[in-house]
Amino acid sequence: MNNNKIRPKHLNLFKIRMPVTAVVSIAHRASGALLVILIPAIVYLLQHSLHSAQTYDEVVQLMTQPWMKVLLIIGTWAISHHFFAGIRYLLIDIDIGVLKSSARRSAWVVHLLALVSALWMAGTLL
Amino acid sequence: MSKLLLSTGLRAWVIQRFSAVYMLVFVVYLAVSFALRESTGFESWSAWMANPINNVAVGLFFFALLLHAWVGCRDIIMDYVKPFPLRLIKLVIVAVMLLAMGLWVLLVLLQAANY
């Protein structure tokens, strides 16, 4: 056995075929980062929706803008993915769904529920 | 035990779980509360937010959210930003932004409570 042989390293993320559980992990991070960036906008909308009846109507009007609808659909995907993946991690913490087969199954369920939520929002808005 | 509480890794882990569970319960409460509401529009929305229970629950939600965001951002920055000065600068920027958000929410909720 030649242990000095240089082993191939595949750290190029586009060459690695990632398991579904890894995709959930990365999406959990990405959706979390996106949601943090959205916090100021959410606080701003909360403030305006509560300031007066007029500013409340302005917020309602804003929700009908095309760019806002796109943002709401992406935001719904992010929040629901983060929500369902978070529940999955909490369950794994208490030893539910730790086995490889069930962890893979629950990862697919998270992706599916996030997609369904985003499509539901799209259906509501469009 | 005190040694356990002082280790920042475990503390971050515990904060992340507790804030997550609170937000989970809050979201369910919010969904039920809105499903059962009798009217829509500004009047009913501002009345809902002026209710002390809801007002405090929303305040605690944002407190949990900002703690949760802090732990998450800290994890991301510690994973990807290696040079110490840069890491410190980014952590300070995030901390200041989240603290500012907390103060802003406090202001909004105090105004909403008095409406």
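Everything below is about the structure printed above this text.
What counts as what
Residues numbered from 1 in each chain as written. Chains lettered and ligands numbered in written order. Predicted model: local features only at pLDDT ≥ 70, side-chain atom pairs only at ≥ 80, totals over all residues. Heavy atoms only, no water. Contact = heavy atoms within 4.5 Å. Salt bridge = Lys/Arg side-chain N within 4 Å of Asp/Glu carboxyl O. Polar contact = N/O pair within 3.5 Å; in protein donor to acceptor, adjacent residues only side chain to side chain. Helix = DSSP H or I, 4+ residues; strand = E, 2+ residues; numbered from the N terminus. Nonpolar A, V, L, I, M, F, W, Y, C, P; charged D, E, K, R; others polar. Axes fitted to C-alpha atoms, helices over the stretch in contact; angles between N-to-C directions. Parallel < 35°, antiparallel > 145°, perpendicular 65-115°, else oblique. Left-handed = near helix turned anticlockwise from the far one by under 90°.

The interface is formed by 21 residues belonging to chain A together with 30 residues belonging to chain B. Our count for the chain A to chain B interface comes out at 2 salt bridges. Joining chain A to chain B, the criterion identifies 5 residue pairs in polar contact (both at pLDDT 80 or more). Secondary structure elements with two or more residues in the side of chain A that touches chain B: helix H1 (20-51), helix H2 (53-62) and helix H3 (66-93) of chain A. With 13 residues, the top contributor of residues to the side of chain A that touches chain B is H1 of chain A. Considered class by class, the residues forming the side of chain A that touches chain B number 14 nonpolar, 5 polar and 2 charged.

Contact geometry for H1 of chain A and helix H5 (residues 84-113) of chain B: axes closest at 10 Å, N-to-C directions at 15°. Viewed along their axes, H1 of chain A and H5 of chain B adopt a mutual orientation that is roughly parallel. Every pair of crossing elements has a handedness; the one defined by H1 of chain A and H5 of chain B is left-handed. Facing H1 of chain A, whose interface residues are Val36, Ile39, Pro40, Val43, Tyr44, Leu46, Gln47 and Leu50 of chain A, H5 of chain B presents Met97, Leu98, Met101, Trp104, Val105, Val108, Gln111 and Ala112 of chain B.

Glancing now at the side chain of serine 33 of chain B. Structurally, serine 33 of chain B can be placed in helix H2 (residues 8-35). Polar side-chain contacts of serine 33 of chain B include one of 2.7 Å to the side chain of tryptophan 48 of chain B.

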